[in-house]
Structure formats: C-alpha cells, structure tokens
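Letter by letter, the chains look like this.
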Amino acid sequence: MGESVPRHVAIIMDGNGRWAENKLLGRIRGHVAGVSAVRKIVRRANDRGVRYLTLFAFSSENWNRPRTEVAALMQLMKFNLRREAKELAENNVRVRLLGDRSMLPEPALKAAEEAEEITKSSTGMELVLAISYGGRDEILEGVKGLIREGVKEEEVTEKRLREHFYLPDLPDPDLVIRTSGEYRISNFLLWQIAYSELYFTDLYWPDFDEKEFDRALEVFASRERRFGKTSAQVEREKSV
Ligand code: FPP
C-alpha cells in the first residue's frame, strides 16, 4: 500500500475547449467552467490535507493559441486571482506562481503577485499556479544558472541544478492527474515527475469534481511506490 494522502498533487487541467464544443458553446465558456472546477478542487484538496496543489493553468506553448483566447485566459486568471486571494488567505492557503513571469502581461502578473503577497503568511496548503510554464524551459534555466555561477563539472549535482528552478523548495509531485483522455505530460514538470504516480481520466476538466478527485486519491493510495527498489525492500523499510 502507498501512503494515504499524496503530499503534492499536480494537475494537467485539459479539455475545457472540447467540453464547450460538445455543448455548442465557445471555447472561452469552457475555460469559465474550468475555473469553477478549479475552485472545487482547491477546496477539496485543502480539506483532504494535500500540502501542495499545482495546477497547469497555461503552458509556455499556449502563447501560440489565437490571440483572443490567450487574452481571455489572462483576463480570467487576473479576475479570479483578484477575487479569490482574500478568501484563500482566510483559509490559510498560500498562492505561488510557477513559470516565466517575464512573459505575462502586466495586469495578469500584477494580480498574481498581489495574490502571492496577500497569502504569503499562510502556513497551510500551497496552491502553485503554473502559468507560462514549460518543463524544458525550467531545466534550461537551471543549466544557465549553473553556468552563470561558474560551477565546475564535478560540482554539478541534482541539488545545485534545482536551486535555479522557478520554485526550488517545491517538492516533487507524488501524484499527477491529467483529464480529458490524453495520455501525455505536455512539458509539465519534466524533471520533477521522475517518480510520480500518473492518473488519467477521460473526463473533461470542467466535469472533474470532488468525487473524481477523491477517486484519484484512492487509486494513489492503492499503488505501491518503490522508487526503483524491490517490493521486499520497501516492505522491510516500512516495518522498521
Ligand atoms: C486546457 O483545456 C485548459 C487550459 C489551457 C486552461 C486552463 C485554465 C483554467 C481552468 C483557468 C485557471 C484559472 C485560475 C485562476 C488558475 P483546452 O483548452 O486545452 O481544452 P481542449 O484540449 O479540449 O481544447
């Protein structure tokens, strides 16, 4: 048996567009419905005792979407971060931004940084918003950081590389969830998911609710994480 509740859950929230298209609605309506799902899952994750919840809200590749859709997504994030920051702080949730801040339009960046500021003394769940995030970019940033520091080859370690990631103290995800029936990682947390459990569901993100989140946690709890060791070794370690 695995540990009961994953400490860090990371979610690829996919399928807003298809959810809307199936209902003959515009894609933006799908993103609006996606925000409602975000609200439900944040609350549920916090109630279940998850320590870190990372949501893939906008990838570095999403900048290539039609201009109107990019603008609508930025607007949605800005509006909701402004609206929710105080309540998140009251619930002891800390907001953190993960990604290339320099790419964000000023109003969205300002809203995100204000949410970080308003929630900075929260000691409960960390809500990590991956916005303009790309896993390869993050690794490249790490490599550039090491070069800037003048680190010698023999001094290059995983730990030193990580120090240059966007959020060096963020632990690796225990569980990665992807909705919408796609079985891909899409450049999300590439380095950090080396030993994560992966969970896929066919549901589109706006249909992913508390019950489905609980189901993913149940599946996680039933898996055995061996980190490259044998079952017998893991069992022995547990008994000491
Ligand atoms: C993927 O669906 C979803 C996104 C690219 C955006 C997700 C963003 C939100 C739900 C808003 C988040 C807001 C806050 C405050 C964090 P898709 O458009 O790729 O769907 P498709 O694959 O069906 O086209």
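Residues numbered from 1 in each chain as written. Predicted model: local features only at pLDDT ≥ 70, side-chain atom pairs only at ≥ 80, totals over all residues. Heavy atoms only, no water.

Asks: Sorry if this is basic, but what is going on with the sheet that holds strand S3 (residues 94-98) here?
Replies: Neighbouring strands of a sheet are bound in pairs by backbone hydrogen bonds; such pairs are parallel or else antiparallel. Reading across the sheet, the six strands line up as S3-S4-S2-S1-S5-S6 and stay open at both edges, with parallel pairing between neighbours. Single-partner strands in this sheet number two, and they are S3 and strand S6 (197-200). With direction set aside, neighbouring strand axes in the sheet form an average angle of 20°. Where strand S5 (residues 175-178) and S6 come together, four bridges link them in parallel fashion. Counted as the bridge partner of Ile-177 is Tyr-199 from S6. (Pairing = 2+ DSSP bridges. Helix = DSSP H or I, 4+ residues; strand = E, 2+ residues; numbered from the N terminus. Axes fitted to C-alpha atoms, helices over the stretch in contact; angles between N-to-C directions.)

Asks: I tried to follow the environment of Lys-238 on my own but got confused; where do I start?
Replies: Along the chain, the position of Lys-238 falls in helix H8 (residues 231-239). We classify Lys-238 as partly exposed; its relative accessible area is 46%. Each C-alpha atom of the pair Lys-238 and Glu-84 lies 41 Å from the other, and the pair is 154 residues apart in sequence. (Buried < 20%, exposed > 50% of the residue type's maximum accessible area, 1.4 Å probe, protein only.)

Asks: How should I be thinking about helix H2 (residues 27-48) in this particular structure?
Replies: In an α-helix, one full turn covers 3.6 residues, which means residues spaced three or four apart are oriented alike. Counted at 1.5 Å a residue, the expected span for H2 with its 22 residues is 32 Å, and the 31 Å between its end C-alpha atoms agrees. Where the residues of H2 are buried, they touch strand S1 (8-12), helix H1 (16-22), strand S2 (52-59), helix H3 (67-90), strand S4 (126-133) and helix H7 (210-222). Just past H2, the residue Gly-49 takes up positive phi, approximately 90°. (Expected span 1.5 Å × (residues − 1). Contact = heavy atoms within 4.5 Å.)

Asks: Please clarify how the pattern of salt bridges should be interpreted in this entry.
Replies: Where charged atoms from two side chains of opposite charge approach closely, those side chains can pair. Counted under the stated rule, the structure contains 31 salt bridges. Between Lys-159 and Glu-163 there is a salt bridge, and its shortest N-O distance comes to 3.7 Å. Of the residues examined, Glu-163 reaches a relative accessible area of 40% and is grouped as partly exposed. Look at the salt bridges and you will find they share partners, linking Asp-14, Arg-18, Arg-178, Glu-182 and Arg-184 into a network. (Salt bridge = Lys/Arg side-chain N within 4 Å of Asp/Glu carboxyl O.)

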